[in-house]
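If you want the building blocks of each chain, they are given just below.
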Amino acid sequence: ADRRLADHTPGGGACTHSVRCSQYIFTEAARSPTHYMRSMLTGPPLIYSPRYSCEWPRTHRFAMSKFKDTFSVLERQPWFSPSLVHVPTPIPDEALTEAHEPEYYHAFCDGRLDEASERRIGFRELARTPGLIERTKLECAGTVLATRLALTHGIACNVAGGTHHAHASFGS
């Protein structure tokens, strides 16, 4: 597994790519089946923030409300407990520039991506809105937190995982 965010996870590492991250989490879960079974009986740790859903045009093909809606469904499950919910805190910029080209990362955070980069992400000018920038960074923090919790509990769920693919120097 990629260890570039190692300072932000217990046991030495998290992944910067969701597939590698999933492989890492499930490998660790397989090493601790007792934790996994206990989480399955009580419910998995759920990583969620209301800021996962930012202000968004209702007519846009990307349904930003799906994160809030998914969490609402989870809240109605018989196994749900507020004690399962963990709210991510932002990751330091230095950690994210370990995974992404600093120039690209700062251009994204400052709303300075060129039109072609915004179009590649799929959000065009919406890619530079403060709400989307904040929720994207928070989603990354949620993935790191889910990794930490999966290592402890055998499984965890980031409610906002998998929005887009982030590469070192572009999003898609």
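Residues numbered from 1 in each chain as written. Predicted model: local features only at pLDDT ≥ 70, side-chain atom pairs only at ≥ 80, totals over all residues. Heavy atoms only, no water.

Time to look at the overall build of the protein chain. Regarding its fold elements, the protein chain presents seven helices and three strands. Ordered by position in the sequence, the α and β elements of the protein chain form the string α-α-β-α-β-α-α-α-α-β. Considering the protein chain as a whole, with its 172 residues, one finds that 41% of them fall into the buried category. The contacts of the protein chain with a sequence gap of at least 6 include a subset with a gap of at least 24, amounting to 67%. For the protein chain, the computed accessible surface area is about 9700 Å², with 53% contributed by carbon and sulfur atoms. (Helix = DSSP H or I, 4+ residues; strand = E, 2+ residues; numbered from the N terminus. Buried < 20%, exposed > 50% of the residue type's maximum accessible area, 1.4 Å probe, protein only. Contact = heavy atoms within 4.5 Å. Areas by Shrake-Rupley, 256 points an atom, 1.4 Å probe, with all protein chains shown as cover.)

This next bit is on the pattern of salt bridges. Pairing is possible between side chains of opposite charge, provided their charged atoms come close. Applying the stated criterion across every chain, the model contains six salt bridges. Note that Glu 115 and Arg 119 form a salt bridge whose closest N and O atoms lie 3.2 Å from each other. Here Glu 115 pairs with Arg 119, and both are found in helix 6 (residues 115-121), just four residues apart, close to one helical turn. By relative accessible area, which is 57% here, Glu 115 ends up exposed. A relative accessible area of 39% places Arg 119 in the partly exposed class. (Salt bridge = Lys/Arg side-chain N within 4 Å of Asp/Glu carboxyl O.)

We now examine the environment of Lys 68. Following the sequence through the fold, Lys 68 ends up in helix 3 (residues 66-75). Overall, the relative accessible area of 45% leaves Lys 68 in the partly exposed class. Spatially, the C-alpha atoms of Lys 68 and Cys 54 are 9.6 Å apart, while their sequence positions differ by 14 residues.

Take the nonpolar core next. Core analysis: the largest hydrophobic core is formed by 35 residues, its most contacted members being Tyr 52, Trp 56, Met 64, Phe 123 and Leu 132. Of all elements in the fold, only strand 1 (46-47), helix 3, helix 4 (93-99), helix 5 (102-109) and helix 7 (130-153) reach the threshold of two or more residues within this core. Sorting elements by how many residues they give to this core places helix 7 first, with eight residues. Setting aside residues up to four positions removed in sequence, Met 64 forms contacts with Tyr 52, Ser 53, Cys 54, Trp 56, Leu 132 and Arg 135. (Core = buried A, V, L, I, M, F, W, Y, C linked by side-chain atoms within 4.5 Å.)

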